[in-house]
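Fold and contact review
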Amino acid sequence: LQAEFVTQDGTVKAVNRVTLSLPRGSTLVITGESGSGKSTVGLAILNLLPHPGRIVGGHVLFKGRDLLALAPEEMRRVRGKEIGIVFQDPSTGLNPVLSVGQQVEEIITTHQDISKRDARRRALEVLEQMGLPEPADVAKRYPFQLSGGMAQRVMIAIATALRPEVLILDEPTSALDVTVQAAILEDLARHQEQTGTSIILITHDLGVAAQMADDVAVMYAGHIAEYTDVRTLFQAPRHPYTWSLLASRPRFDRDDRERLVAIRGAPHSLVDLPDECPFLPRCPKAVSICRIEPAPALETIDGGGHRVACYNPMYQQDASQAATER
């Protein structure tokens, strides 16, 4: 998949030849720093890129169909019914002039031939399933009358009202306190267990990834740097960028006197990306080939499903040395 935004400053290559796979009933987490292209991937899957964004290559294959080849009316039938999405900011994702109940009922009546009474009953059910107290009262409220956590739960209720087969969640726990985060993640896990929904979870929080993921794709500058199952990612990461992310996180088992390791430099601009690896200026393990060859492709290592886009993938014993070099 390739997507870009044409701006006055140049072409922003937000998604660069990204390949992902989502098995039925599993959770794929897409993580990385802000601006790495995570949210653009989520929007591109449903062909929802805002102007001036455009998809310039690739396919989105779902149940034997290429979603990018569907006519607009066909795509509207897929959105919400078969693939649901929760946008990053619930305050802008909800309509300020419609009550919560009206917004949940709207998606139900749009995709199903159902009476108003039955739609309202279903709306109250999904609000209750998302842990909202007194759903009848919540349904009468408007978005400005909701807390951040309640607004996020309403967004998830709308996305799950028709029990879609795939659910895309863009930073569903950002800007929420840890207790609300934990409750929302528990609700999502319970919903997945009951319905078998497949989830794409976009987050910069590696703790959320560790809790929820089956597989993890680490993105940097529009590319996938590393792609593997969650246990391997945390126990044996191989890309220097993944190592750097993990080393920069506070840990309970870290020596109090040990300083957190910052990633030097800043993320590369997505305008006019270089031919070589975009992480090169910040990489502690770069070698000569990194400076003279194009950016490496995502390739399988160790003969398993662990894929890394790096000419010099790190081994576990390299961690302390890399930290020292930084």
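Presented here is an overview of the structure given in this document.

Conventions we followed
Residues numbered from 1 in each chain as written. Predicted model: local features only at pLDDT ≥ 70, side-chain atom pairs only at ≥ 80, totals over all residues. Heavy atoms only, no water. Axes fitted to C-alpha atoms, helices over the stretch in contact; angles between N-to-C directions. Helix = DSSP H or I, 4+ residues; strand = E, 2+ residues; numbered from the N terminus. Parallel < 35°, antiparallel > 145°, perpendicular 65-115°, else oblique. Left-handed = near helix turned anticlockwise from the far one by under 90°. Contact = heavy atoms within 4.5 Å. Nonpolar A, V, L, I, M, F, W, Y, C, P; charged D, E, K, R; others polar. Pairing = 2+ DSSP bridges. Salt bridge = Lys/Arg side-chain N within 4 Å of Asp/Glu carboxyl O. Buried < 20%, exposed > 50% of the residue type's maximum accessible area, 1.4 Å probe, protein only. Phe/Tyr/Trp six-rings, centres within 6.5 Å; stacked < 30°, edge-to-face > 60°.

1. Focus: the packing of helix H4 (residues 100–111) against helix H5 (residues 116–129)
Contact geometry for H4 and H5: axes closest at 9 Å, N-to-C directions at 115°. Between H4 and H5, the angle falls in the class roughly perpendicular. Between H4 and H5 lies a crossing whose hand is right-handed. Side by side, H4 and H5 meet where Val 100, Val 104, Glu 105, Ile 108 and Thr 109 of the first sit next to Lys 116, Ala 119, Arg 120, Arg 122, Ala 123, Val 126 and Leu 127 of the second. Residue composition of the contact of H4 with H5, by class: seven nonpolar, one polar and four charged.

2. What to know about the sheet that holds strand S9 (residues 198–202)
Spatially, S7-S8-S9-S3-S10-S11-S13-S12 is the arrangement adopted by the eight strands of the open sheet, whose pairing is mixed. The sheet is open, and its two borders are formed by strand S7 (83–86) and strand S12 (299–300), each paired with just one other strand. Two strands pair when backbone bridges link them, and S12 and strand S13 (residues 307–308) are joined in this way by two bridges, in the antiparallel orientation. When the bridges of S13 are listed, Glu 299 appears paired with Val 308. Together, strand S3 (27–31), S7, strand S8 (166–170), S9 and strand S10 (215–220) form the strand contacts of helix H1 (residues 38–45), whose direction differs from that of S9 by roughly 145°. Across the sheet, helix H11 (residues 240–247) touches S10 and strand S11 (223–229), and the angle it forms with S10 is around 100°.

3. Quick word on the environment of Leu 1
Examined against the element boundaries, Leu 1 turns out to sit in the segment before strand S1 (2–7). In this structure the C-alpha to C-alpha distance between Leu 1 and Ile 45, which are 44 residues apart in sequence, comes to 9.1 Å. Sequence-distant contacts of Leu 1, that is, excluding residues within four places in its chain, are made with Val 15, Asn 16, Arg 17, Val 18, Ala 44, Ile 55, Gly 57, Gly 58, Val 60 and Leu 68.

4. Quick notes on the pattern of salt bridges
Taken as a whole and assessed by the stated rule, the structure comprises 15 salt bridges. Notably, a salt bridge pairs Glu 165 with Arg 24, separated by 3.4 Å at the nearest N-O pair. Linking Glu 165 in the loop between helix H7 (148–160) and S8 with Arg 24 in the loop between strand S2 (10–15) and S3, this pair joins segments that are 141 residues apart in sequence. Among the salt bridges present, the one from Arg 141 reaches Asp 137, with a minimum N-O distance of 2.8 Å. Since its relative accessible area comes to 32%, Asp 137 is described here as partly exposed. One salt-bridge network, in which partners are shared between bridges, spans Arg 24, Lys 63, Arg 65, Glu 82 and Glu 165.

5. What about the packing of aromatic side chains?
Counted according to the given criterion, the structure contains three aromatic pairs. When the ring of Tyr 220 is compared with that of Tyr 241, the centres are 4.6 Å apart and the planes differ by 55°; the resulting orientation is tilted. Separated by 21 residues along the polypeptide, Tyr 220 in strand S10 and Tyr 241 in helix H11 bring together distant segments of the chain. Residue Tyr 241 is classed as buried on the basis of its relative accessible area of 0%. Summarising the aromatic geometry, the rings of Tyr 220 and Phe 279 are spaced 5.1 Å apart at their centres and angled 80° between planes, so their arrangement reads as edge-to-face. You can see Tyr 220 sitting in strand S10 and its partner Phe 279 sitting in the loop between H11 and helix H12 (288–292), a full 59 residues away along the chain. Take Phe 279: its relative accessible area is 1%, and that puts it in the buried class. Within the aromatic cluster, the residues linked to one another by ring pairs are Tyr 220, Tyr 241 and Phe 279.

6. Brief notes about the environment of Leu 176
The residue Leu 176 is located in the loop between S8 and helix H8 (178–195) in this model. According to the relative accessible area criterion, Leu 176 is buried, its value standing at 13%. Note: C-alpha distance between Leu 176 and Gln 152 (24 residues apart in sequence) is 9.3 Å. In this structure, Leu 176 is in contact with Gly 148, Gly 149, Gln 152, Gln 181 and Ile 184, ignoring residues within four places of it in sequence.

7. Notes on the pairing of S2
Alignment of S1 against S2, held across four bridges, turns out to be antiparallel. Counted as the bridge partner of Thr 7 is Gly 10 from S2.

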